[in-house]
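The primary structure of each chain is shown beneath.
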Amino acid sequence: MTVAFWILAMLLIASAIFVITAQKPVHSVAGLLAHFLFLAITYFMLSAEFLAVIQLIVYSGAILMLFVFVIALLSSGVMPFSAGPDRLPKIAAPAIVVIAVLLGFVAYAVSREPAVTPTLRGIASGPVGTAGVFGSVADFGHALFTLNLLPFEITAFILMVAVVGVILLAGDQVPYVPTRRRARLVERDMREAIVRAGEE
Amino acid sequence: MHENLLPVALGNYVALSSVIFFIGVAGVVLRRNPLIMLMSIELMWNAANLLFLAFARAWLNNAGHIFAFLVITVAAAEAAIGLAIVVLVFRSRANVDVDEIALMKG
């Protein structure tokens with residue numbers, strides 16, 4: 001288990017560094033996918049089985065798909081997608097110093113922390129998933145729908161706000177009406193795109 | 001090894017989580033591509049979640065699991081709205097440098 005933790009830690013850090021150093025956003029998404037997979041394995045090792053599955057479904061399935069769709073949308077020829085000027089050489093040195101100092105603070109805090117003694121309150125041993133075993137789906141669901149029902153309902157409200165906000169932000173302001181003028185604009189855009197493609 | 005004990009000491013999880021968090025901070029500070037900045041923010045959410053789950057495991061209390069679940073929900077909402085803003089900004093101007101987008105600067 002210890003060896004597995006260290007291998008996972010190395011993979012997590014390596015994939016995170018790949019995410020922030022990749023030149024193309026698609027490569028970043030791939031790195032983030034690997035990161036989330038390793039993180040899900042780590043969650044399994046911490047016997048948080050439900051959260052591990054949710055990590056795979058929600059993050060790797062939904063959120064990363066959203067990123068991929070947005071990248072595909074933005075780079076679909078209509079709107080050229082460039083990486084933009086890279087500011088890394090200019091501010092890398094001070095940023096690394098700041099981050100090193102902050103990490104030093106964290107290391108100091110961890111070293112000063114008295115060793116945590118886990119309270120070994122009786123957890124029944126048994127197959128995972130059954131009630132009474134720590135981290136089982138049954139216990140998670142029970143805790144979510146009894147003690148934490150109000151926060152759960154509030155997350156539903158937050159998601160609804162997000163949906164309404166996204167529709168307001170990115171939805172069409174004017175409903176699509178196929179007019180002659182609109183058709184001419186589309187035709188002009190397509191001609192320009194063909195000319196651009198021919199130049200390249 | 002006792003079955004109830006953590007595989008490694010809790011401090012290792014704290015250190016791993018803070019390293020990933022600061023990699024995310026570095027991504028937000030260093031990169032100027034809004035999509036990669038959003039991904040770095042996802043890295044930071046996940047570092048915090050890892051810490052929640054590690055402490056939940058150490059203290060055998062699944063309140064941390066509940067909180068991590070709520071964090072994932074809020075992160076999903078944040079990603080959706082962030083990406084909508086990115087799409088909106090890119091629709092009006094074909095420019096991907098966030099330094100250029102200073103419309104709300106006083």
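Since this is a predicted model, take the numbers as computed values, not measurements. (Residues numbered from 1 in each chain as written. Chains lettered and ligands numbered in written order. Predicted model: local features only at pLDDT ≥ 70, side-chain atom pairs only at ≥ 80, totals over all residues.)

Trainee: Sorry if this is basic, but what is going on with the overall build of chain A here?
Mentor: Scanning chain A from terminus to terminus reveals seven helices and zero strands. Along the chain direction, N to C, the helices and strands of chain A fall in the order α-α-α-α-α-α-α. Expressed as a percentage of its 200 residues, the buried residues of chain A come to 18%. (Helix = DSSP H or I, 4+ residues; strand = E, 2+ residues; numbered from the N terminus. Buried ≥ 20, exposed ≤ 12 C-beta atoms within 10 Å, placed from the backbone.)

Trainee: For this particular structure, what's the right way to read the packing of helix α1 (residues 10-30) of chain B against helix α2 (residues 34-59) of chain B?
Mentor: Angle between the axes and distance between the axes are the two parameters that describe a pair of packed helices. All names here are of chain B. Orientation of α1 relative to α2, taken along the N-to-C sense of each, is 170°, at an axis distance of 7 Å. Relative to α2, the element α1 is oriented roughly antiparallel. Regarding α1 and α2, the two cross each other, and that crossing is left-handed. Across the interface between the two elements, Leu10, Tyr13, Val14, Ser17, Ile20, Phe21, Ile23, Gly24, Val25, Gly27 and Val28 of α1 pack against Ile36, Met37, Ser40, Ile41, Leu43, Met44, Ala47, Leu50, Leu51, Ala54 and Ala58 of α2. Considered class by class, the residues forming the contact of α1 with α2 number 18 nonpolar, four polar and no charged. (Axes fitted to C-alpha atoms, helices over the stretch in contact; angles between N-to-C directions. Parallel < 35°, antiparallel > 145°, perpendicular 65-115°, else oblique. Left-handed = near helix turned anticlockwise from the far one by under 90°. Contact = placed C-beta atoms within 7 Å. Nonpolar A, V, L, I, M, F, W, Y, C, P; charged D, E, K, R; others polar.)

Trainee: Looking at this structure, how should I read helix α1 (residues 2-21) of chain A?
Mentor: An α-helical segment advances 3.6 residues per turn. Residues three or four places apart therefore align on the same side. The terminal C-alpha atoms of α1(A) lie 29 Å apart, and with 20 residues this matches the ideal 28 Å at 1.5 Å per residue to within 8%. Residues of α1(A) that are buried: Ala9(A), Leu12(A), Ser15(A), Ala16(A), Val19(A) and Ile20(A). Buried residues of α1(A) fall within an arc of 145° about the axis and therefore sit on the same side. Opposite the buried face of α1(A), at more than 90 degrees from it, the exposed residues are Val3(A), Trp6(A), Ile7(A) and Met10(A). Among the structural elements, α2 (25-45) of chain A together with α1 and α2 of chain B are those in contact with the buried residues of α1(A). (Expected span 1.5 Å × (residues − 1). Arc of directions from axis to C-beta.)

Trainee: Where do I start with the interface of chain A and chain B in this structure?
Mentor: Frequently, the measure chosen for interface size is the accessible area removed from exposure when the parts meet. With 73 residues of chain A in contact, the opposing surface of chain B contributes 64 residues. For the side of chain A that touches chain B, the secondary-structure elements that each account for two or more residues are α1, α2, α3 (49-74), α4 (88-112), α5 (137-145) and α6 (149-170) of chain A. No other element matches the twelve residues that α3(A) contributes to the side of chain A that touches chain B. Its residues assigned to classes, the side of chain A that touches chain B shows 57 nonpolar, twelve polar and four charged.

Trainee: Please explain helix α7 (residues 180-199) of chain A as it appears in this structure.
Mentor: For α7(A), which comprises 20 residues, the first-to-last C-alpha distance of 29 Å matches the rise-based estimate of 28 Å (1.5 Å per residue) to within 8%. Across the 20 residues of α7(A), zero count as buried, placing the element largely on the outside.

Trainee: Would you take a moment to explain unusual backbone geometry for this structure?
Mentor: Negative phi values dominate among residues other than glycine, just as trans dominates among peptide bonds. The backbone of Ser47(A) shows a phi angle near 55°, a positive value even though the residue is not glycine. Following the sequence through the fold, Ser47(A) ends up in the loop between α2 and α3. The backbone of Leu60(B) sits at a positive phi, close to 50°, despite the residue not being glycine. Judged by local crowding, Leu60(B) falls into the partly exposed class, with 16 C-beta atoms found within 10 Å.

Trainee: Looking at this model, I keep getting lost on the nonpolar core. Mind explaining?
Mentor: What tends to happen in soluble globular proteins is that the nonpolar side chains get buried as a cluster. The biggest cluster of nonpolar side chains holds 62 residues, and the ones touching the most others in it are Leu51(A), Ile20(B) and Leu53(B). Those elements that provide at least two residues to this core are α1, α2 and α3 of chain A together with α1, α2 and α3 (63-92) of chain B. Apart from the residues lying within four places of it in its own chain, the contact partners of Ile20(B) are Leu12(A), Ile13(A), Ala16(A), Leu43(B) and Ala47(B). (Core = buried A, V, L, I, M, F, W, Y, C linked by C-beta atoms within 7 Å.)

Trainee: Would you mind showing me how to read the environment of Met44(B) here?
Mentor: Residues and elements named next belong to chain B. Its place among the elements puts methionine 44 in helix α2. Distance from methionine 44 to arginine 91, taken between C-alpha atoms, is 28 Å for residues 47 residues apart in sequence. Sequence-distant contacts of methionine 44, that is, excluding residues within four places in its chain, are made with Phe21, Gly24 and Val25.

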